[in-house]
Each structure stands twice: as C-alpha cells, then as structure tokens.
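If you want the building blocks of each chain, they are given just below.
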Amino acid sequence: MTPVSYDIELTGVYKSYPLGKSRIPIFEDLTMTIPDGDFLAIMGPSGSGKSTILNLIGGIDTVDGGHVSIGGTMLDKMSTRALTRWRSEVIGFVFQFYNLMPMLSAAQNVELPLLLTDLSASERRERVHTILDIVGLADRHDHLPSLLSGGQQQRVGIARAIASDPRILLCDEPTGDLDRKSADEILELLQLLNTKLGKTIIMVTHDESSTRVAKRTVILDKGRFVSEEIAQCA
Ligand SMILES: Nc1ncnc2c1ncn2[C@@H]1O[C@H](COP(=O)(O)OP(=O)(O)OP(=O)(O)O)[C@@H](O)[C@H]1O
C-alpha cells in the first residue's frame, strides 16, 4: 500500500473578517506548501494572521476563496460531519494555556479524544499510559492539572494532542506561558515528536529563540510571508 503523504497546500487563499458593515481582508492571495514531516515556525506581528492560518489548516475556520488541501483532501469540499471526523484523525491542537479539564486527572484529559474512537477501555488505558510515558509524565497519571507545574500541564496538553496519533500538530504559542527552562523542555519534546515520530509541526511563536527547534521559520506580515529562514542544523 502506498503510504499517505500529508503535504499541506494553501492555494490562493482569501480570508476576511467583518468590521462593522465592511470586511477587512487578512489574506488576499496566500499560497504556501508545508511538506509532510516539516517543523515550521511562524512569527510575525500581532494581528498578522498567524492563528488564522492554524485555524484554516485545522479546519476550524474556512477560507472565503482559494483552497486548503491536506494530503490531497480539499477541506472546503468536505461536509461539516466529514471534516469533524477527518480533523479528529489527522490534526492535534496544542494551546498556549493548555485548555485542560480542571476536574479530570492527567490520564483522563489524555483519554478524552480517545472516547470518540472505537478503542476499548483497556486499549485506551494502554494508549494513555504509553503517551504519558513519551511526554515524561509516567508518574503523574492521577494528578489533577492544578497539582502540576505549567510545563507539566503543557506536557499533558501535548499528550492529549497526540493521543489519536494525528499526523499534524498545530501549536499556538505552546511556550508562551512558560519560564525559559520549561519552555526549552517543551520545545525539545516537540522536536522529538517531529524527528522521531514524524509529526508535521506548525508552531506560532513570538519568541525568536523558540525557532531553533524548527526546520524552517517564516515571518508573516500584512497577510504575506516576508521572509523565510531554513535552520542550519535541524
Ligand atoms: N473571528 C474573528 N472575527 C473578527 N476578526 C477576527 C476574528 N479572528 C481574527 N480576527 C482578526 O484577524 C486578524 C488576524 O488575527 P490572528 O488572531 O490570526 O492574528 P495573530 O497574528 O495570531 O495575532 P496574535 O499574535 O495577537 O495572536 C486580527 O486583526 C484579528 O482581529
């Protein structure tokens, strides 16, 4: 069987948001390719559209014109139901403020996306166990988020994002709320997920030093990519 490649293609993307009675364009003709297995960092001024790109790729926002295609699947051609299913299989989201359920343990938070799959309870338990091991939280399964440090909470957030084994991780300022040491540990974890597990990672960041773990960095300004750097030793 030919392995499926999940190249991400944005073609002539037009996106605008309403402002009063008119609309403000964010992207007027945005075209870019993010190859399967890439680790792309996106930087740029506030309001330049960084989060909007993640939302369009993740299928939680829609283009007004042009296309977003992932592994040959055109997101704008899918029904809401098909898109929801596709997203749960292909995309994992990592947020700045973790977005964990406060009344659930680390393990229960990681298990949440698995409740939508056909896995049995024991298969889910085993998967959660393995993933918490991968992110270095083998001894924190039963802790509530409030009993974990920020860095540990983000590890749980990443574990939840990879629980369904998605090919693509969309990370919106994943280290934005962390001290330098915890941030560096999270960046190393993301790099490991990219190099060892082959996840495509797209990371929005305001922190230039975070880009050292990425294979490429692009700067977005006024709806356009104004520069691109390719890491020397990624
Ligand atoms: N749902 C929405 N309705 C109206 N305007 C929106 C909406 N989402 C985003 N915008 C506008 O689109 C522009 C781009 O927003 P976006 O959040 O993508 O920027 P960003 O580069 O991620 O910013 P930041 O670095 O501050 O997070 C901003 O001007 C924002 O106000």
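Reading guide: rules and limits
- Residues numbered from 1 in each chain as written.
- Predicted model: local features only at pLDDT ≥ 70, side-chain atom pairs only at ≥ 80, totals over all residues.
- Pairing = 2+ DSSP bridges.
- Helix = DSSP H or I, 4+ residues; strand = E, 2+ residues; numbered from the N terminus.
- Axes fitted to C-alpha atoms, helices over the stretch in contact; angles between N-to-C directions.
- Contact = placed C-beta atoms within 7 Å.
- Near = placed C-beta within 6 Å.
- Nonpolar A, V, L, I, M, F, W, Y, C, P; charged D, E, K, R; others polar.
- Buried ≥ 20, exposed ≤ 12 C-beta atoms within 10 Å, placed from the backbone.

Q: Pulling in residues and values, what's your account of the sheet that holds strand β7 (residues 168–172)?
A: Taken together, the six strands give an open sheet; going across it, the order is β6-β7-β8-β3-β9-β10, and neighbouring strands pair in mixed fashion. Looking at the sheet topology across the chains shown, the edges are occupied by β6 (91–94) and β10 (224–230). The mean inter-strand angle of the sheet, taken between neighbouring strand axes irrespective of direction, is 20°. Note that strand β9 (residues 216–221) and β10 share six bridges and pair antiparallel. Residue pairing across strands places Leu220 opposite Phe225, the latter belonging to β10. Where helix α1 (residues 50–57) meets the sheet, its contacts fall on β3 (39–43), β7, β8 (200–204) and β9, and the angle it forms with β8 comes to roughly 150°. Its contacts with the sheet place helix α6 (residues 180–195) against β3, β7 and β8, and it is angled at close to 150° to β8.

Q: So what's going on with the site of the ligand? Residues and values would help.
A: Taken together, Tyr17, Ile26, Gly44, Ser46, Gly47, Ser48, Gly49, Lys50, Ser51 and Thr52 make up all the residues around the ligand. Per-element accounting of the shell around the ligand gives the leading share, three residues, to α1. A class-by-class count of the residues in the shell around the ligand yields two nonpolar, seven polar and one charged.

Q: Give me the lowdown on the sheet that holds strand β1 (residues 8–19), citing residues and values where you can.
A: Ordered by their spatial adjacency, four strands build an open sheet running β2-β1-β4-β5, and the pairing between neighbours is antiparallel. Looking at which strands have only one partner, the edges of the open sheet turn out to be β2 (22–34) and β5 (73–74). As paired strands, strand β4 (residues 65–70) and β5 are joined by two bridges and run antiparallel to one another. From the neighbouring strand, Ser69 faces β5, where its bridge partner is Met74. The strands touched by α1 within the sheet are β1, β2 and β4, with β1 carrying the most contacts at an inclination of about 120°.

Q: Before we move on, can you summarise the environment of Thr130 with the specific residues and values?
A: With respect to the helices, strands and loops of the structure, Thr130 is situated in helix α4 (residues 121–134). By C-beta crowding, Thr130 is classed as exposed, having 12 other C-beta atoms within 10 Å. For the pair formed by Thr130 and Asp207, sequence separation is 77 residues and the distance between their alpha carbons is 31 Å.

Q: An account of the pairing of β8 is needed here, citing residue identities and associated values.
A: The buried fraction of β8 amounts to five of the five residues, a majority that puts the element mostly inside the structure. Of the two faces of β8, the one lined by Thr200, Ile202 and Val204 and the one lined by Ile201 and Met203 are each fully buried. The pairing of β3 with β8 spans four bridges and is classified as parallel. The residue bridging Phe39 from the neighbouring strand is Ile201, located in β8. Pairing geometry for β7 and β8, over five bridges, is parallel.

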